[in-house]
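Listed here are the chains, written in short residue letters.
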Amino acid sequence: LQLGPLARLGTALLLAVPVAALITGGAVDQLSLMKEYVQQHGVFGPQVLRHLLLVGLALVPTLLIGVPLGIAAHRSAAARGPIFSVLGIIQTVPSIALFGLLIAPLSALSEALPWLGISGIGITPAVIALTLYSLLPIARNTAAGLDQVETGVIDAARGIGMTPRQIFRKVEVPLALPVFLSGLRITLIQAIGLTAVAALIGAGGLGAVMFQGLFANALDLVLLGALPIILMAVAVDAVFRILVAALQAPSPGRRAT
């Protein structure tokens, strides 16, 4: 139907209403998945929050590191190749291997500096690995967004007396924002999925529910962990697509021009 982002979101919410009504009304209580949810209710909620916490903790250093790297890649052709090469190599490392590789050095660091309060398993290696995986899309889209700003626009801003800092803040950043948000969308969706793997090193989250089901050969328990991850990813995708579409939509004044 070629619906726009808002129309797609509205349609999805409309379709979700009957499903929510069935669940809250108790019509599906006899399903094995719902029985599994009742049994795991005390664990399910905290694991959802733990999953979101891990994604949020990884997002902060990703932005603090990835955005400056993207700006550096945009401004320096000499730095662009090495930056994207290193980040690309990190992406080729399997997620389980990267989580495992962090255990030994972090354990050694924990023994040498116990006052840091870190360990080789748990939240710390999970956040580090998720950050490393998330740097490439953030850095690449930051650079791509700044690259697509037309030279004529920058020259015009310079011609009216703007300083380089003002040009960057008031001209380049707003024009690059849609591309940057597209990269942030990819980053968050990727992090939501990869966080499930972090359960293998004791980080918790919905991955712990999934792997518990896998080890017990309980499909309903696997679905109980997997379905919320899918819903989170779909929700993030929808929200960011709407934001990007809103930023790219021409204003009435621009249409008139």
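Residues numbered from 1 in each chain as written. Predicted model: local features only at pLDDT ≥ 70, side-chain atom pairs only at ≥ 80, totals over all residues. Heavy atoms only, no water.

Within an unreviewed UniProt entry, the label attached to the protein chain reads ABC transmembrane type-1 domain-containing protein, and the organism entered is Inquilinus limosus MP06. One UniProt comment on the protein chain, placed under Sequence similarities (unreviewed entry), says "Belongs to the binding-protein-dependent transport system permease family." Taken verbatim from the UniProt record of the protein chain, the Subcellular location (unreviewed entry) comment is "Cell membrane". (UniProt positions renumbered as here; feature names shortened; annotations may be inferred.)

**As for the overall build of the protein chain**
If you tally the helices and strands in the protein chain, you get twelve helices and zero strands. Listing every helix and strand of the protein chain by position from the N terminus yields α-α-α-α-α-α-α-α-α-α-α-α. For the protein chain, the residues scored as buried account for 37% of the 257 residues in total. For the protein chain, the proportion of contacts with a sequence separation of at least 24, taken over those separated by at least 6, is 74%. Here the protein chain displays about 14,400 Å² of accessible surface, and carbon together with sulfur accounts for 70% of that area. Taken together, the 14 basic and 9 acidic charged side chains of the protein chain have centroids lying 11 Å from each other. (Helix = DSSP H or I, 4+ residues; strand = E, 2+ residues; numbered from the N terminus. Buried < 20%, exposed > 50% of the residue type's maximum accessible area, 1.4 Å probe, protein only. Contact = heavy atoms within 4.5 Å. Areas by Shrake-Rupley, 256 points an atom, 1.4 Å probe, with all protein chains shown as cover. Lys, Arg positive; Asp, Glu negative; His and termini not counted. Charge placed at Lys NZ, Arg CZ, Asp CG, Glu CD.)

**Overview of the confidence of the model for the protein chain**
When pLDDT is averaged across the protein chain, the result is 86; 95% of the residues are at 70 or more. In this model residues 252–257 is a low-confidence stretch, pLDDT under 50, and it forms one contact with partners more than four residues away in sequence or in other chains. (pLDDT = per-residue confidence, 0-100.)

**A few points about the side chain of threonine 195**
Among the structural elements, threonine 195 can be located in helix α9 (residues 164–197). A relative accessible area of 0% means that threonine 195 is categorised as buried. At 2.5 Å, the side chain of threonine 195 forms a polar contact with the backbone oxygen of alanine 191. If we skip the residues at most four places from it in the chain, threonine 195 touches His51, Leu54, Val55, Leu130 and Gly204. (Polar contact = N/O pair within 3.5 Å; in protein donor to acceptor, adjacent residues only side chain to side chain.)

**Concerning the UniProt feature "transmembrane region" (unreviewed entry) in the protein chain**
UniProt feature "transmembrane region" (unreviewed entry): in the numbering of this structure it lies at residues 7–28, 48–71, 83–106, 112–136, 191–215 and 221–247. Split by type, residues 48–71 is 100% helix and 0% strand. Its first and last C-alpha atoms lie 34 Å apart. Strand forms 0% of residues 83–106 and helix 88%; the C-alpha atoms that close the span are 24 Å apart.

**A few points about the packing of aromatic side chains**
The final tally for this structure, using the stated rule, is one aromatic pair. Pairing phenylalanine 211 with phenylalanine 215 gives two aromatic rings, centres 6.2 Å apart and planes at 25°, and the pair type is stacked. A residue pair is termed a helical-turn pair when its members lie 3 or 4 positions apart in one helix, as phenylalanine 211 and phenylalanine 215 do in helix α10 (residues 206–215) at four residues. Take phenylalanine 211: its relative accessible area is 17%, and that puts it in the buried class. Since its relative accessible area comes to 69%, phenylalanine 215 is described here as exposed. Across the ring face of phenylalanine 168, the terminal group of arginine 75 is positioned such that the distance to the ring centre comes to 5.1 Å. (Phe/Tyr/Trp six-rings, centres within 6.5 Å; stacked < 30°, edge-to-face > 60°. Lys NZ or Arg CZ within 6 Å of the ring centre and 35° of its normal.)

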